[in-house]
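Each chain, letter by letter, is given below.
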Amino acid sequence: MIFSSFAKALAQMGDKRFRRVLFLGLALTIALLFAAYAAVLMLVSWLTGDVVTLPLIGEVSWVDDLLGWSSLALMLVMSIFLMMPVASAITSLFLEDVAAAVEAQHYPQLPPVPRLPWMDTLRDTVSFVGVLIGANILALLLYAVLPFAALAIFWALNGFLLGREYFQLAAMRRLGRAGARDLRRRHWLRIWLAGVLMAVPLSVPLLNLFIPILGAATFTHLVHALQSGRVRNV
């Protein structure tokens with residue numbers, strides 16, 4: 001069921017409405033990552049200056065360039081961690097449009113629903129991003145203690161958090177906050193596994209740019225599948 005939902009979302013990437021949301025999400029994600037990269041370069045330049053004096057070598061002017069290129073590699077690595085809160089924020093911003101496109105194609109019999117209040121969406125997004133960042137900071141301790149299991153811990157933790165958030169946001173559109181929470185609790189294991197399916201490609205630079213929109217569409221399908229009672233509770 002999880003892979004079926006993901007396959008349906010992937011197959012709809014050619015939809016004009018879906019593609020528009022994807023490009024908006026990509027543009028915003030790239031802009032945020034470049035802003036973070038620019039901030040790193042400014043910090044490197046401020047710390048090193050134009051010329052640096054090295055022992056036995058004298059004055060050189062390429063140290064900041066070297067650090068700048070090194071910072072680019074660093075940003076690719078950091079994007080793995082940055083994409084988690086960025087993905088959550090983008091999903092929240094564009095979920096309504098993604099869900100509407102999915103439902104128009106796959107569930108045309110459903111009546112339209114009013115958009116979620118912007119302030120409620122913003123409050124939920126800010127709250128979740130804070131939890132996501134805090135949890136990943138604490139997880140750094142586990143990475144240091146269990147380096148051989150760091151990737152599995154990363155996927156499991158963020159899969160749980162992302163699955164919880166994606167599903168809650170998708171389900172609230174038709175079930176309300178309380179109804180979405182109840183459905184999520186009854187199917188928490190499937191939701192967690194679906195979240196891991198999103199978290200794994202989010203740890204791959206460049207590929208992770210496409211995941212937020214696919215995640216929103218996947219969980220829209222998952223909500224309808226679970227709500228319809230086509231699967232048993234877990």
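Residues numbered from 1 in each chain as written. Predicted model: local features only at pLDDT ≥ 70, side-chain atom pairs only at ≥ 80, totals over all residues. Heavy atoms only, no water.

Visitor: How should the pattern of salt bridges be read in this particular structure?
Guide: When the charged atoms of two side chains with opposite charge come close together, those side chains can pair. In total, this model carries four salt bridges according to the counting rule given. For Glu103, the salt bridge is made with Arg174, and the minimal N-O distance between the two is 2.8 Å. Separated by 71 residues along the polypeptide, Glu103 in helix H3 (residues 63-106) and Arg174 in helix H5 (residues 150-186) bring together distant segments of the chain. Exposure remark for Arg174: the relative accessible area of 25% places this residue in the partly exposed category. (Salt bridge = Lys/Arg side-chain N within 4 Å of Asp/Glu carboxyl O. Helix = DSSP H or I, 4+ residues; strand = E, 2+ residues; numbered from the N terminus. Buried < 20%, exposed > 50% of the residue type's maximum accessible area, 1.4 Å probe, protein only.)

Visitor: Any chance you could explain the packing of helix H6 (residues 188-202) against helix H7 (residues 211-227) here in plain terms?
Guide: Helix-helix packing is described using two parameters, namely the angle between the two axes and the distance between the axes. Two numbers describe how H6 lies on H7: the axes approach to 11 Å, and their chain directions differ by 165 degrees. Here H6 lies roughly antiparallel to H7, going by the angle between them. The interaxial crossing formed by H6 with H7 has right-handed handedness. Contacts between H6 and H7 involve Arg190, Ile191, Ala194, Gly195, Met198, Pro201 and Leu202 on the former and, on the latter, Ile211, Leu214, Gly215, Thr218, Phe219, Leu222 and Leu226. Broken down by class, the residue content of the contact of H6 with H7 amounts to 10 nonpolar, three polar and one charged. (Axes fitted to C-alpha atoms, helices over the stretch in contact; angles between N-to-C directions. Parallel < 35°, antiparallel > 145°, perpendicular 65-115°, else oblique. Left-handed = near helix turned anticlockwise from the far one by under 90°. Contact = heavy atoms within 4.5 Å. Nonpolar A, V, L, I, M, F, W, Y, C, P; charged D, E, K, R; others polar.)

Visitor: What is the right way to read the packing of aromatic side chains from this model?
Guide: All chains considered together, the criterion is met by three aromatic pairs. The interplanar angle of 75 degrees and the centroid separation of 5.4 Å between the aromatic rings of Phe160 and Trp192 together place this pair among those described as edge-to-face. Note that Phe160 is positioned in helix H5 and Trp192 in helix H6, a separation of 32 residues in sequence. Seen from their ring centres, Trp188 and Trp192 are 6.3 Å apart, and the 40 degrees between their planes marks the pair as tilted. Separated by four residues within a single helix, Trp188 and Trp192 lie in helix H6, roughly one turn from each other. Residue class for Trp188 comes out partly exposed when judged on its relative accessible area of 43%. Three or more aromatic residues joined by ring pairs form one cluster here, namely Phe160, Trp188 and Trp192. (Phe/Tyr/Trp six-rings, centres within 6.5 Å; stacked < 30°, edge-to-face > 60°.)

Visitor: Help me understand the nonpolar core, please; the structure alone is not making it clear to me.
Guide: One recurring pattern in soluble globular proteins is that nonpolar side chains are buried together. In terms of nonpolar packing, the biggest core is built from 42 residues, with Phe18, Val98, Phe167 and Phe219 touching the most fellow members. Mapped onto this core, the elements with two or more residues apiece are helix H1 (2-11), helix H2 (16-48), H3, helix H4 (118-145), H5, H6 and H7. Take this core: its biggest share by element is 10 residues, from H5. With sequence-adjacent residues up to four places away left out, Phe219 is seen in contact with Gly163, Tyr166, Phe167, Ala170, Ile191, Ala194, Gly195 and Met198. By size, the runner-up hydrophobic cluster in this structure holds six residues, among which are Ala139, Tyr143, Ile153 and Phe154. (Core = buried A, V, L, I, M, F, W, Y, C linked by side-chain atoms within 4.5 Å.)

Visitor: Just to check I follow, could you spell out empty space enclosed by the protein for this structure?
Guide: If a probe the size of a water molecule is rolled over the atoms, the empty space left behind becomes visible. For the structure on display, the rule yields one cavity of 30 Å³ or more. What the largest cavity holds in volume is close to 40 Å³. For the largest cavity, the full set of lining residues is Glu103, Ala170, Ala171, Arg173, Arg174, Thr220, Val223, His224 and Gln227. Residue composition of the lining of the largest cavity, by class: three nonpolar, three polar and three charged. (1 Å grid on protein atoms, 1.4 Å probe; cavity = no way out; pocket = protein on both sides within 12 Å on 5 of 7 lines; lining within 4 Å. Points joined across faces, edges and corners; volume = space filled by probe spheres on them.)

Visitor: For this particular structure, what's the right way to read the confidence of the model for the protein?
Guide: Do not read the fine detail of predicted coordinates wherever pLDDT is low. Of all residues in the protein, 76% attain a pLDDT of 70 or more, and the chain-wide mean is 78. In this model residues 230-234 is a low-confidence stretch, pLDDT under 50, and it forms 16 contacts with partners more than four residues away in sequence or in other chains. (pLDDT = per-residue confidence, 0-100.)

Visitor: Would you take a moment to explain the layout of surface pockets for this structure?
Guide: Its boundaries defined by the atoms lining it, the second largest pocket holds a volume of some 240 Å³. Mapped by element, the contributors of at least two residues to the lining of the second largest pocket are H4 and H5. The greatest single-element share of the lining of the second largest pocket, amounting to nine residues, is contributed by H5. Its residues placed into classes, the lining of the second largest pocket shows five nonpolar, two polar and six charged.

Visitor: Before we go on, may I ask you to explain the packing of H5 against H6 in this structure?
Guide: Contact geometry for H5 and H6: axes closest at 6 Å, N-to-C directions at 130 degrees. Viewed along their axes, H5 and H6 adopt a mutual orientation that is oblique. When the axes of H5 and H6 are compared, the crossing they make is right-handed. The segment H5 lies against H6, with Trp155, Ala156, Asn158, Gly159, Phe160, Leu162, Gly163, Arg164, Phe167, Arg184, Arg185 and Arg186 engaging Trp188, Ile191, Trp192, Gly195, Val196, Ala199, Val200 and Leu202.

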